[in-house]
Amino acid sequence: MTDTTNTSLLSEEELARLEVFLQSDATPENCLPIEAVDGFYCALNVGPEVVSHETYIPVIWGEGDEPQFKDANEEAEITGLLRRHYADIARQIHSAVADEADAYLPLVDEWNESAADDEDAPQDGEWWASGFLLGLELCEKSWFSNEQHEEMLEPLLIPIVELAGNDELDELTPKARKRRIAQLPALLLSLYRYWRSDANGQLQLANTLATQLSSTPIRAAVEPGRNDPCSCGSGKKYKKCCGAN
């Protein structure tokens, strides 16, 4: 569930400021990078319960020491940016469902080309998905409160688990990883709708989304026409989505 107060959109400069601070020496070693924070916030906003800033902020700092702010002004600046980014995600996801506005586009960095020679560099979408799974872990009892939710949600969450990396699943090819990332906006909206529907609606959404997110389209030999809707579920034409390259 979401709290949509204080919804001033962060500028690129403000996002960059937040990114630099989160990866600076002022933060604990296990502090989440901005991409993981974005995934974490998305999980909290599409889920079934309201999570307060006081509850989720320790997860961002890494469940350990707090950051060493230079002064009270810097602390107010950074915490204010974090609150606003959370609220902006809440507003965009809610508006996309309620008002048919544009879907929220997750902050996913492209690492594969820029860090090709760095063995420690994450895969595209890995940090975002890992952050999302932290959000699930924080609210695990409400997400999986009964076997019915667990059975319906597990296949829907597989694409995110694949992006994060899991020894029990096949590693995604670069093309499959790109398509999973392209599915994220539609996936977030479906999960948001899931928790705001009755039992029959939840079952219908779960079945529909499971079909859309199945592994079959990723391995399909026949690609859509360039002007056809992309099979990843993003709503874009194929030529402007997975067929862009």
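Residues numbered from 1 in each chain as written. Predicted model: local features only at pLDDT ≥ 70, side-chain atom pairs only at ≥ 80, totals over all residues. Heavy atoms only, no water.

Further remarks concern the confidence of the model for the protein chain. Averaged over all residues, the pLDDT of the protein chain equals 81, while 74% of them reach at least 70. When mean pLDDT is taken per element in the protein chain, helix 2 (residues 34-46) scores highest with 96 and helix 10 (residues 216-219) scores lowest with 36. Across residues 1-7, confidence stays below pLDDT 50; counting only partners more than four residues off in sequence or on other chains, it has 24 contacts. With pLDDT under 50 throughout, residues 215-222 is counted as low confidence; its partners more than four residues away or in other chains account for eight contacts. (pLDDT = per-residue confidence, 0-100. Helix = DSSP H or I, 4+ residues; strand = E, 2+ residues; numbered from the N terminus. Contact = heavy atoms within 4.5 Å.)

Another aspect to go through is the nonpolar core. Counting 54 residues, the largest nonpolar core has Ile 60, Trp 61, Phe 132 and Trp 143 as its most contacted members. Sorting the residues of this core by element identifies helix 1 (12-22), helix 2, helix 3 (53-61), helix 4 (72-98), helix 5 (126-138), helix 7 (147-164) and helix 8 (174-194) as the ones contributing at least two each. Setting aside chain neighbours within four positions, we find Phe 132 in contact with Gly 39, Phe 40, Cys 42, Ala 43, Val 46, Trp 143, Leu 157, Ile 160, Leu 188 and Leu 191. (Core = buried A, V, L, I, M, F, W, Y, C linked by side-chain atoms within 4.5 Å. Buried < 20%, exposed > 50% of the residue type's maximum accessible area, 1.4 Å probe, protein only.)

This part covers helix 7. Residues spaced three or four apart along an α-helix face the same direction, because each turn holds 3.6 residues. The end-to-end C-alpha distance of helix 7 is 24 Å, a good match for the 26 Å that 18 residues give at a rise of 1.5 Å each. By the largest-angle criterion, Leu 157 marks the main kink of helix 7, which is about 40°, and a proline, Pro 159, follows within four residues. The N-cap of helix 7, judged by a side-chain oxygen 3.0 Å from the amide nitrogen of Gln 148 a few residues on, is Asn 146. Backbone geometry just downstream of helix 7 places Gly 165 in the positive-phi region, at approximately 100°. (Expected span 1.5 Å × (residues − 1). Bend = angle between axes of the 7 residues up to and from the residue. Polar contact = N/O pair within 3.5 Å; in protein donor to acceptor, adjacent residues only side chain to side chain.)

A separate point is a negative patch on the surface. Judged by side-chain charge, Glu 63, Glu 137, Glu 140, Glu 147, Glu 150, Glu 151 and Glu 154 come together as a negatively charged surface patch. The leading source of residues in the negative patch is helix 7, at four residues. Since its relative accessible area comes to 41%, Glu 150 is described here as partly exposed. (Patch = residues over 30% accessible without salt bridge, like charges linked within 9 Å, V, L, I, M, F, W, Y side chains within 5 Å. Areas by Shrake-Rupley, 256 points an atom, 1.4 Å probe, with all protein chains shown as cover. Salt bridge = Lys/Arg side-chain N within 4 Å of Asp/Glu carboxyl O. Lys, Arg positive; Asp, Glu negative; His and termini not counted. Charge placed at Lys NZ, Arg CZ, Asp CG, Glu CD.)

Turning our attention to the packing of aromatic side chains. Tallying each qualifying case throughout the model produces 11 aromatic pairs. Ring centres of Tyr 41 and Tyr 86 lie 5.1 Å apart, and the angle between their planes is 85°; this geometry places the pair in the edge-to-face category. You can see Tyr 41 sitting in helix 2 and its partner Tyr 86 sitting in helix 4, a full 45 residues away along the chain. Neither residue differs from the other here; Tyr 41 and Tyr 86 are each classed as buried. A network of ring pairs unites the aromatic residues Trp 128, Phe 132, Trp 143, Tyr 194 and Trp 195 as a single cluster. (Phe/Tyr/Trp six-rings, centres within 6.5 Å; stacked < 30°, edge-to-face > 60°.)

Any two side chains of opposite charge can pair, given that their charged atoms come close. Tallied over the entire structure, the rule returns six salt bridges. Linking Glu 74 and Arg 17 is a salt bridge whose minimum nitrogen-to-oxygen distance equals 3.1 Å. In this pair, Glu 74 is assigned in helix 4 and Arg 17 in helix 1, connecting sequence segments 57 residues apart. The class for Arg 17 is partly exposed, based on a relative accessible area of 26%. Glu 54 is the partner of Arg 83 in a salt bridge, and the nearest nitrogen-oxygen pair spans 3.6 Å. A residue pair is termed long-range when its members are at least 10 positions apart, and Arg 83 in helix 4 and Glu 54 in helix 3 qualify at 29 residues. For Arg 83, a relative accessible area of 39% gives the class partly exposed.

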